[in-house]
Amino acid sequence: MPKDEIYIYDENDGADTIIYDDKKKKRGFGTVVRIIFYLFLLFVNGAIILRVCMYNDPKKIENLAATPRVREAYDASDGNLTINTQQIYDMYTIDGHFYSTAFYYIAEAEEIQVAVRYNVHALEGFFTENGFDSEPTAEQIRENEYFAFRLKDSYGNYYDPTFKESSSRFMYVYKKLAFDGIKVLNGKFDIEIYPIYNGTPDYDTVLGTMTIYNPELLTETYKLTKSDRERLSQ
């Protein structure tokens, strides 16, 4: 019997011959395997891209903020700002709940900018352990202010933020902070984090500290981009 024929016997009608295309079956099986393989690659690449997006800060958090003080300095200096950046070395608090990035020092504005982020899901149990009356939901953490931030220099001077912008993406909450009155980068600068109870910061309770500037580390000069200049000129 040829490979491409099979016989089915029916006791009433006798034997019927059915043409069987073995090559077509193999091609069909190969197509299914290829589709599964490509879907697997698509899933893996999508997971990698999503992970990268989750890890990287949003652009408006990474970018230099066009604060009123920096705008004023930009106009006064005819667009010639001296901006220093540094890779934050001690970017995490000891417990790992808070993370800092995007450090800028704008000399003409005497301003430090930094970004802070925290994972709303990683804070489960954190609030009741630190004196809060209840444990907020992830959505409540995104929408409400539970933490206050201050800048502290090596001489024990404190600076309250003069600019603050909040945003959230995926499981993260981001805070873009600016502190004015810093005439020179002299010594280390730390961000201290405090709880807010019933709308009032408790500056006697430090939840965490991050060193955002260390004079022992390399500092780089930041050049304004076209996008920076457009935002500062508006």
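Computed from a prediction, not measured in an experiment: that's the story for all the values here.

What counts and what doesn't
Residues numbered from 1 in each chain as written. Predicted model: local features only at pLDDT ≥ 70, side-chain atom pairs only at ≥ 80, totals over all residues. Heavy atoms only, no water. Phe/Tyr/Trp six-rings, centres within 6.5 Å; stacked < 30°, edge-to-face > 60°. Helix = DSSP H or I, 4+ residues; strand = E, 2+ residues; numbered from the N terminus. Buried < 20%, exposed > 50% of the residue type's maximum accessible area, 1.4 Å probe, protein only. Salt bridge = Lys/Arg side-chain N within 4 Å of Asp/Glu carboxyl O.

A. A look at the packing of aromatic side chains. Summed over the entire model, instances satisfying the criterion amount to 17 aromatic pairs. Between the aromatic rings of phenylalanine 103 and tyrosine 213, the centroid separation amounts to 5.5 Å while the plane-to-plane angle is 20°, which identifies the pairing as stacked. Of this pair, phenylalanine 103 sits in strand S4 (residues 98-106) while tyrosine 213 sits in strand S12 (residues 208-213); the two residues are 110 residues apart in sequence, bridging distant segments of the chain. On the basis of relative accessible area, phenylalanine 103 is assigned to the buried category, the value being 2%. For the pair tyrosine 172 and tyrosine 174, a centre-to-centre distance of 6.1 Å together with 50° between the ring planes defines the contact as tilted. In this structure tyrosine 174 comes out as buried when scored by relative accessible area, which is 0%.

B. Just the pattern of salt bridges, in detail. A full pass over the atoms with the stated rule returns 8 salt bridges. A salt bridge links glutamate 62 to lysine 59; the shortest N-O distance between them is 3.8 Å. In this pair, glutamate 62 and lysine 59 are both assigned in helix H2 (residues 59-62), 3 residues apart and thus about one turn of the helix distant. Assessed through its relative accessible area of 27%, glutamate 62 is described here as partly exposed. You can call lysine 59 exposed: its relative accessible area is 60%. Of the charged contacts in the structure, one is a salt bridge between arginine 231 and aspartate 228, with a shortest N-O distance of 2.4 Å. Highlighted residues: arginine 231 and aspartate 228, both in helix H6 (residues 226-233), separated by 3 residues, approximately one helical turn.

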